[in-house]
Each structure stands twice: as structure tokens, then as C-alpha cells.
Amino acid sequence: MDQASLPSCYRHPGVQTGITCTRCERPICPECMVSASVGFQCPECVRGGSGTGHAPTANQPRTMAGAVIAPGDPHLLTKILIGLNLVGFLLQLAIGDKFEYAYELLGRAYTPGSASYQGVAEGQWYRLVTSMFLHGGPMHIAFNMLSLWWIGGPLEAALGRARYLALYFVSGLAGSALTYWLAEPNAPSLGASGAIFGLFGATAVLMRKLNYDLRPLIVLLVINLAITFNPWGGIAWQAHIGGLVGGTVIAYAMVHAPRERRAVIQWGTCAAVLLAVLVIVIARTAALT
């Protein structure tokens, strides 16, 4: 079926979907999907009960990744992440270069005003995380935050808050680790791009799962990768690739794990990617010191 001819979710008009409730057959979008023994059900059918004698928790509305749908704003964490990035950028503007030198991603080098080597190799592992909330200028943060708003909200609704937060941070750490490993140790790096590319990869996995047309997303990814590998440099391509790979792997486990072992596979995959990050960081640190 062509995407233009797909029906709209009955609870969210305008949101096209190829999935229907297995009980009432009404079209439902990822935000409304509740995992059932066969296919997905809409929240109304779930609240009506299945009549199969399942425990009360079995009929709780769940995301397509199996998480219980949290009450309140479905995009709460996305807004908080945007807020944290904005706070980090405002601190950069208020405090200046001194703040940026202290928290940007740096392998091992002298920074202006320092009397000794600084960087991850010197035990400053926090830079792998803090650099994810700093940006190189107004255009840099504007582009990243617009991307986070456009693709982060739907992913948060589709995966659930805990899984979405794990996806974001582990993707970001994968990008930081690959940058630390492959970039020159004295080349500073900063930005949320690793985490954002992880969300891009997760969006592709989700769209593929729902049989959506992937061509618009592929075009967007190609454009972003072309910008990443532009001949003028200045962009940490390692963060983009690391985040993209990490996010894709994690998202695949999130939405394709079998129901009976879903949590084990989902969180085990997150742990495996984190272990890979740890191994890379330890090996690179040993090479630099």
C-alpha cells in the first residue's frame, strides 16, 4: 500500500498508519499500539478487557517495545533533553571558553590555561557525557534540537520513557567512544549529534517494522551523511557513525525481541553496547598513556 493511501489513526487524525487493532480493526499509530498475544490492540479494547483471565497488568496499555505507557505528556523526556542542551549552551555563553574547555570531549592535550594534560585519557571520563550537551554555536544547537524534537517525540511514545532514555544516552556514548578512539587526541569535539544519529537509526528500524516508506528518511540520512563527510572538515564524523550504529542495534532489539524474552534482550543489548564503549575507552586510554 502506498503511504499516501494509508488510513489515519482513529485517535490521532493525520497520523498515517498501516497497523490496525486486532479486535476492533480500527487503524492505530505507534503511540496507541498495545502489544497483544497476536498483533496490537487499541487502548479502548485493552481497557475493555480480553476476558481471558490474564492478570490486571496484562491489560495495561503498552508501547510497541513492551513498556507500560506512562501517564502525562508522551514527549516529556524529549522536552527535558532539549532543555538540558539549552542550559548547557547558555552556560557556554555565560561562562565562556573556560567552561567549554573543561567539559568538551578531548582525548589528551593541554588546554589554554592548564598546567597539565587534560582529557578522557587523564581520567576525565565525564567528558564522554558532558560533551553531548555542548554545542559549537547557534546553528549547531538549532539544527540538533529541531532534529531531536521532530524524531525524538515519536520515538519516546513508541518505545516508552526508560527505553527511549537508554537509546539516547547509549547512542551518544557510542558516538563519544568512537570519536575518542579514532580522532586526534588533541582535537576537541562537542554536540548531541551522536545521540541524534542514534535516534535516526532507531527511526529507520521503527519505520521498517511498521512497513512505512523509508525513502524520505533515507534521503534525510544521505543529506546528513554528506554534510558529515564534507571536504571542509570541522565535523566529528566518528560521533555520527558511532551513534548511528549504536542506535540502530539497540532499536532493533527494542522492537524485534520476542515477547517471552523481550526485557532480557532489550536491556542485554544496551549492556552489550555499553560494554563495547567501555572496551574502546579503556583500550584508547592505554594507548595514550
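A brief report on the enclosed structure follows. (Residues numbered from 1 in each chain as written. Predicted model: local features only at pLDDT ≥ 70, side-chain atom pairs only at ≥ 80, totals over all residues. Heavy atoms only, no water.)

**Some details on the layout of surface pockets**
Rolled over the atoms, a probe as big as a water molecule pinpoints where empty space is left.
In step 1: In this structure, the largest pocket spans a volume of roughly 680 Å³.
In step 2: Lining the largest pocket are 30 residues, and of these Trp150, Ile151, Pro154, Thr203 and Met207 lie nearest its centre.
In step 3: When residues of the lining of the largest pocket are traced back to their parent elements, those giving at least two are α5 (138–159), α7 (193–209) and α8 (215–228).
In step 4: By residue number, the principal contributor to the lining of the largest pocket is α5, which donates 9 residues.
In step 5: Estimated volume of the second largest pocket: approximately 510 Å³.
In step 6: Every residue lining the second largest pocket is counted, 30 residues in all, and those nearest its centre are His140, Leu190, Ser193, Ile235 and His240.
In step 7: Those elements that provide at least two residues to the lining of the second largest pocket are α5, α6 (161–182), α7, α8 and α9 (237–256).
In step 8: In terms of residues, the lining of the second largest pocket owes the most to one element, α7, which gives 5 residues.
In step 9: Its residues assigned to classes, the lining of the second largest pocket comprises 14 nonpolar, 16 polar and no charged. (1 Å grid on protein atoms, 1.4 Å probe; cavity = no way out; pocket = protein on both sides within 12 Å on 5 of 7 lines; lining within 4 Å. Points joined across faces, edges and corners; volume = space filled by probe spheres on them. Helix = DSSP H or I, 4+ residues; strand = E, 2+ residues; numbered from the N terminus. Nonpolar A, V, L, I, M, F, W, Y, C, P; charged D, E, K, R; others polar.)

**Here we look at the environment of Tyr103**
In step 1: Inspection of the secondary structure assignment puts Tyr103 in helix α3 (residues 97–103).
In step 2: A sequence separation of 85 residues divides Tyr103 from Pro188, and the C-alpha atoms of the two residues are 9.9 Å apart.
In step 3: Excluding its chain neighbours within four sequence positions, the residues that come into contact with Tyr103 are Tyr126, Arg127, Thr130, Ser131 and Leu134. (Contact = heavy atoms within 4.5 Å.)

In short, shape yes, function no, at least from these values alone.
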